[in-house]
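Notes for the structure review
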Amino acid sequence: MSALLVAEGLHKAYGKTVALAAADLAVRAGEIVSVMGPSGSGKSTLLHCAAGLTRPGAGLVRYAGQDLAQLTDVRRSALRRREFGFVFQFGQLVPELTAVQNVALPLRLDGVSRRAAERRAAGWMDRLGLADKAAARPGELSGGEQQRVAVARALVGGPKVIFADEPTGALDSVAGEQVMDLLNDAARDTGAAVVLVTHDSRVAAYADRGIVVRDGRSFDPAGVR
Amino acid sequence: MRRLRTELALGFRLAFAGGRHGAVRIAMVASAVAIGTAALLLAASVPTMLDARQSRSEARGDNTAGEDRPAGRTVVVAAVEAGWHGDDIRGRLLWPDAPGAPRPPGVPAFPGDHQMYASPALQAALAGPDGGTLRRQMPYRVVGTIGPDGLSGPRELAYYAGYPRVRDRLGQGSWRVDRFGYPAVEEIGDGPYILSVTVLVTLLLPIVILLGAALRFGTDRRDRRLAAIRLIGADHRAVLRIALGESLVATGFGLAGGVALYLSARERAAAFDLLGFSVYPADVRPVPVLALATVVGVLALSAAMAVLGFRGVSIEPLGVFRQAAHWRGRLWWRLILPVAGVALLYPAILGLPDVPEDRTGLGVLLLLVSLIPILPYLVPAVARLLPHGPASWQLASEQLRRNPAGSTRAVTGIVVAVAGAIALQTFFAAAANRAVDSDDPGGPAFLVQFTGRQTPAAMRHRSALFEQVGGVTAGTVAQYVVYDPGNPVPEFVIVGDCAALSQVAALSRCADGDAFTTGGPRRSVTLDAGGSDPAPGARIAVPHDARRAALIGPYLANAGPSVLLTPAAATAVPPDVDPEFVDTGIFTSKEPAAVAGQLRGVAAEIDPLALFTSLAPETDFYAPLGSALTVGLALLLLMMAVGLLLDVAARLGERRRVLGVLAAIGARRSTVVWSVLLQAIAPVLSGLALASGVGAGLGALLMRMSAVPVRFDAPAILGPAAAGAGLALATTVVVLLPAAGWVTRTDKLRYE
C-alpha cells in the first residue's frame, strides 16, 4: 500500500540552529507511526513540517499526492479542518468555549450548522467518556479530561491523519494511558492514521511501527515509501 | 456567505465567553465607542442647533432696515438693549396701533401699559437674589411667559413690555412694523461651522486613540485563542473575521451606549449656556446624513482598528508571532504636515490682512496633528542623546529606540491636547490682560446716550442721578452736529458744565462762561437742522475769547474740529434745536461690573430707550471660554487616561515574556519596573516639551491675529503641561505597581 503522507529530505533551520537535516517520514492510511528521539532532536519540527504547520527550508511534503508547499494558506487551512486532526501536549483548547463547543469548532469553521456540529461533537464526547463534561470550560477540566476533549476535537471532522505531539506529556501515567487507549481505539475504528511524537516508550508501544529522529535526521527501520 | 456568518457568529460567541477578562475588554471598548459616538452625534447636531436658533430669531425679526411703515394694523416697537452680569437682554417696548396688529411669536397677547411678557430665564433672574437691581431696568409687571418659539434659546434673557409712549418716539429710537419675521441683518457666518469641524476633528483624534487602546487591550489572550483556532483549520481571513465579529460586539454595545449618552446629554441641553448660546432639547437633532456617517464611521473605525491590530502580528497554528519592529527613522515625510501648516499660516504670521478663516483653521489643525508623526522621531533621538545609565535605563532606551511608535502611541493624544490647550490658554490669558491694561484710566467706564433737548440744569440733575450710585462720578454734555456737507469728519458743538466738558477735552482751566475750540480758532459755526438729511440750521457765533483745547477719550476720538461751550457761553444755541445726543459719561473707582447693573437701572428710569454702552468690559469675555476649555481639557485628559491605562496594560501583556525572562536571568524587580517606567516617562517629557513649544507658538499667532500684545503667561503653559505629565505618570504607576509581580513571574515562562 502506498503512503498517504510522505515527507522527504526535510531541512529546517532556525537561524544557525539546524532542527532538521534530511529527515523523512512516510505514513500509510490507518497506521500509527511513532516518532521518537531525544529532546531537541527535531521530532516536533518534523511533525510540524509534515502537517503543514511549518514550511521546511528544503524538502517535500506530499499528502494524497498534493505538495503542501504549493497549497495556499486557505487550502492548507481547509486540509487541517477536514483531513487532519491535532493533539498537543497542552490541549490548545479555546478557554472561552465549553468542551462541546471546542469539539464542534472545526465543524463550525467548515460551515456546519451549530446544532449539527454540536450533535456530532456530543457523540464523540460521549464515546470518550466526557458526556457529563460537555458544558464545562477547559479551566474546569482536569489535564486528562482536557486531552480527551482535544482527542475528540481531533476526531470530530473524520480526519485521515491525526498528529499527536507528546499527547500524554503533561499527564500522570494513569491519565496518559487512558488518553492513549482512547486515541488508539478511535483511530483504529475510524481508520485514521496517527503520527505520534513521543519520548515515552510506553506511548510508542501503541504504534504499528516507529521512526527515530536524532540530530535532525530520521531513521526508519521499516523503510516505508 | 454561510462561513462568513459562522465566523462572525463565532467572534460574537468568543466575545461573550471571555469571562471576567472578556467582560472588561467589552466594557473598555464599549465605553470608548460610547464616548466617541455621543461626541460625534453632538457635533453632528450643531448645524441643526444653529438652524433652529436662526429660524426662531428670524421669525421674531423686527428690523425693517430703516423703511417707514404707515400706521394701520401695525405695531410701534423700540429696542432696549439691556444687560445683566455680562449677558445681553433683548428687550422690546411695543404698543399696537390698532386691534389685530401682528404679535411677536411666543407672546399670546399684547402686554398692557407697563406690563411685560418675560422669558423664563429673565423671570428667574428677576426672582434671584439681586433681582431688585435688575428690575430697575425693566419696571414692568410680569403678566406672562414668552413661549419657546419667541426665544433664540431657553437661557435667553428677553422681554416684551407694553409702553404707549413709544409712539411719541418714532424715528427717535422706535419704529413701526407691519409684521414680525424680517430677515436678520446679521447672518451667522461660517465661523461656527469651521469651529464645529475643528472640534469634530480634535475630538476624533483622542477618540481614535482611546478606541485603539481599548481594542488593543487583551489582544494577547485573543491572539493565543485565535492561534488555537488556526490550528484546527481556520485560515488567516477566517481569523480576521472572527476577530472582527468579536470587536463588533463591543462596538455594538458602544454605539447603543453612545446613543443613550447622547439622548441623556440632549435632555440636559437646556441647562447649558455658553456666551449667550443655549438650545432647547428639541433643537439637538443630528443631521440625518451626519448621524448615518457617525454610525457607519464608528463601525468602520472599529473594524479598521481591529484589522490594523494585526499589523506586525502573525497568528499561526503554532502560536502568535510578533514581528520585530523595524524602525525607520526617516524625518522628511514627518515634516510635510508642519511645513504645510506653517505655509498656510504664513500670511497670518506676517500679519497680512484678510487671511481666510478656514485657511488659518486648517493651518492650526495641521500643526497640531503634525505632532503625531514627529513625536516617534523625537523620542529615539532624545534617547540617543541622553547618557548611558543604569541597566533599567539601558533597557528602556533600547526599547524606545527599537519601537518608538509603540512607546509613544498613547502619549500622542495627550501631547496634541496639551499643545492645543496651551495655545488657547496662553491666548485667553493675554487677552484678559489686554482687557485690564487697555481700560483707559482717564476715560469713562460707561456712556449713556439720550435723545431730546435738555437744559443745563437738567443735565446736571441727570449726572447727579448717576452719582447716587456709590463710587461714581458723571458728566452730561449735549452734542449738536455742525452742518458741513463737504467734510466727512463730523464736527460738534458740545455744551456742558466744566466738570462734564473736562471729561471730553483736556482743559487747563474752566469756569462757567468759558468757550473752547479744538483744531483752530473759528468765528462761527452753522448747526445742522436735525432732519434725516443734512441741512443748514441756526448759525451761532463762537466767543472771541475761546481757548484752544484737545478732545480726549474714546467716544469723540474720530470727531473733527469742534466747539465746547459752558452753559453761560451757550446762550447763542437756540432752545428749539435738538441736540444729536445728550451723553452722560460715567467714571467709577470700582470694578465696572459691580456698578453696571445699578447704572443701567438709573438709565432705564430716566429713559427706557437710553442707549447704555459699557466702554470697560463688565465681565471677562474670555473667562467662560477659558473655563469651558479647562473643563474640556479635563474631560479630554480623563479620556486619555483611560486610553493610556489600557495601552500600558496591553504593552505589559505583550512584553510579559521578555520581562519574565529578564526576571528569570536575575534582574531585580525594581530594575524591571524602572525600565518600564522610564520607557513611559521619556515619551511624555519629550512630547510635552514639543507641545509647549508648538502650543506657545500657536498662542502667539492667535494673539497676533487678534491684535493682542504677545505675552506668555507661565501658568497657561505649565498648567496643561503639568496636568498631562502628571496624568501620564500617575496612570503608568497605577498600572505598573500592581502588575510588577505579575510581569516578573518566571513560573509561566514555560507555557508561553
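Look up: the structure comes first, before these words.
Being a predicted model, the structure only gives us computed values, none of them experimental.

Below, the discussion takes up the overall build of chain B. Per the secondary structure count, chain B includes 20 helices and 20 strands. In chain B, which comprises 752 residues, the share counted as buried stands at 42%. Look at the contacts in chain B between residues 6 or more apart in sequence, and 83% of them connect residues 24 or more apart.

What follows covers the sheet that holds strand β4 (residues 141–145) of chain B. All names here are of chain B. A sheet is described by the order of its strands in space; here 6 strands give the open sequence β4-β3-β5-β2-β1-β6, paired in mixed fashion. Across the chains shown, the open sheet's two edge strands, defined by having one partner strand only, are β4 and β6 (174–177). Looking at each pair of strands side by side, their axes are set apart by 30° on average, direction ignored. Bridge count for strand β3 (residues 115–118) against β4 is 4 bridges, and the pairing is parallel. Bridge pairing in β4 links Gln 115 to Arg 141.

All names here are of chain A. With 5 of 5 residues buried, strand β7 (residues 161–165) is to be regarded as a mostly interior element. Across the two faces of β7 the burial is the same, with Val 161, Phe 163 and Asp 165 and Ile 162 and Ala 164 all buried. Here strand β6 (residues 84–88) pairs with β7 via 5 bridges, running parallel. Note that in β7 the partner of Phe 88 across the bridge is Asp 165. Sheet topology note: the β7/strand β8 (residues 193–197) ladder contains 5 bridges and is parallel. Bridge assignment links Val 161 to a residue of β8, and that residue is Ala 193. Between β7 and its parallel partner β8, the chain crosses via helix α6 (residues 173–190), and the hand of that crossover is right-handed.

What follows covers helix α14 (residues 456–467) of chain B. Residue and element names in this part refer to chain B. Given a rise of 1.5 Å per residue, 12 residues ought to cover 16 Å, and the 17 Å separating the end C-alpha atoms of α14 matches this to within 8%. Buried within α14 we find Met 459, Arg 462, Ser 463 and Phe 466. Each buried residue of α14 sits inside an arc of 95° when the element is viewed along its axis, so together they form one side. Across from the buried face of α14, at angles greater than 90 degrees, the exposed residues are Ala 457 and Ala 464. On its buried face, α14 is in contact with β10 (472–481), α15 (498–504), β19 (581–588) and α16 (592–606).

Once that is clear, we can look at the sheet that holds strand β5 (residues 66–67) of chain A. Here we have 4 strands laid out as an open sheet, ordered β2-β1-β4-β5 (chain A), and antiparallel in their pairing. Only two strands of the sheet have a single partner each, and these edge strands are β2 (17–27) and β5 of chain A.

What follows concerns the interface of chain A and chain B. With 21 residues of chain A at the contact, the number on the chain B side is 21 residues. Only α2 (73–82) and α3 (99–109) of chain A provide two or more residues apiece to the side of chain A that touches chain B. Broken down by element, the residue count for the side of chain A that touches chain B peaks at 6 residues, all from α2(A). Along the lines of polarity and charge, the residues of the side of chain A that touches chain B split into 10 nonpolar, 5 polar and 6 charged.

On to unusual backbone geometry, then. Positive phi values are uncommon outside glycine, yet Asp215(A) reaches one of about 50°. Mapped onto the fold, Asp215(A) is located in the loop between β9 (209–214) and β10 (217–219).

Attention now goes to α2(A). Buried residues of α2(A): Arg76(A), Ser77(A), Leu79(A), Arg80(A) and Arg81(A), and no others. On its buried face, α2(A) sits against β4 (58–63), β6 and α3 of chain A.

Quick look at the environment of Val694(B) now. All names here are of chain B. Looking at the secondary structure, you find Val 694 in helix α19 (residues 669–705). Separated by 274 residues in the primary sequence, Val 694 and Gly 420 place their C-alpha atoms 8.6 Å from one another. Apart from the residues lying within four places of it in its own chain, the contact partners of Val 694 are Leu 367, Leu 371 and Ala 419.

Here we come to the nonpolar core. Membership of the largest hydrophobic core comes to 177 residues, with the highest contact counts inside it found for Ala152(A) and Val195(A). Looking at this core, the element that brings in the most residues is helix α13 (residues 404–437) of chain B, giving 16 residues. Mapping this core onto the domain boundaries places at least three of its residues in each of domain 1 (1–59 + 187–323) and domain 3 (333–439 + 617–752) of chain B. Grouped together as the second largest cluster of nonpolar side chains are 78 residues, Val177(B), Leu501(B), Val602(B) and Phe612(B) included.

With that settled, the discussion passes to the environment of Leu652(B). Residue and element names in this part refer to chain B. Mapped onto the secondary structure, Leu 652 falls in helix α17 (residues 622–654). The class of Leu 652 is partly exposed, set by 19 C-beta atoms lying within 10 Å. Note: C-alpha distance between Leu 652 and Val 676 (24 residues apart in sequence) is 8.5 Å.

To continue, consider the packing of helix α7 (residues 236–267) of chain B against helix α8 (residues 288–308) of chain B. All names here are of chain B. Interaxial distance between α7 and α8 falls to 9 Å at its minimum, and their mutual angle equals 140°. Compared by their axis directions, α7 and α8 come out oblique. As for the relative orientation of α7 and α8, their crossing is right-handed in sense. Across the interface between the two elements, Leu 240, Ala 243, Leu 244, Ser 247, Leu 248, Thr 251 and Leu 255 from α7 touch Val 295, Val 298, Leu 299, Ser 302, Ala 303, Ala 306 and Val 307 from α8. Taken together, the residues of the contact of α7 with α8 break down into 11 nonpolar, 3 polar and no charged.

All names here are of chain B. As a packed pair, helix α1 (residues 2–16) and α7 sit with axes 7 Å apart at the nearest point and diverge in direction by 50°. Judged by the inter-axis angle, α1 sits oblique to α7. Along this stretch, α1 crosses α7, giving a crossing that reads as right-handed. Between α1 and α7, the contacting residues are Leu 4, Glu 7, Leu 8, Ala 9, Leu 10, Gly 11, Phe 12, Leu 14, Ala 15 and Phe 16 on the first element and Ala 238, Arg 241, Ile 242, Ala 243, Leu 244, Gly 245, Glu 246, Val 249 and Ala 250 on the second. Looking at the contact of α1 with α7, its residues break down into 14 nonpolar, 2 polar and 3 charged.

Definitions and cut-offs
- Residues numbered from 1 in each chain as written.
- Chains lettered and ligands numbered in written order.
- Predicted model: local features only at pLDDT ≥ 70, side-chain atom pairs only at ≥ 80, totals over all residues.
- Helix = DSSP H or I, 4+ residues; strand = E, 2+ residues; numbered from the N terminus.
- Buried ≥ 20, exposed ≤ 12 C-beta atoms within 10 Å, placed from the backbone.
- Contact = placed C-beta atoms within 7 Å.
- Pairing = 2+ DSSP bridges.
- Axes fitted to C-alpha atoms, helices over the stretch in contact; angles between N-to-C directions.
- Right-handed = clockwise from strand over helix to strand, strands pointing away.
- Expected span 1.5 Å × (residues − 1).
- Arc of directions from axis to C-beta.
- Nonpolar A, V, L, I, M, F, W, Y, C, P; charged D, E, K, R; others polar.
- Core = buried A, V, L, I, M, F, W, Y, C linked by C-beta atoms within 7 Å.
- Domains from an automatic or database assignment.
- Parallel < 35°, antiparallel > 145°, perpendicular 65-115°, else oblique.
- Left-handed = near helix turned anticlockwise from the far one by under 90°.

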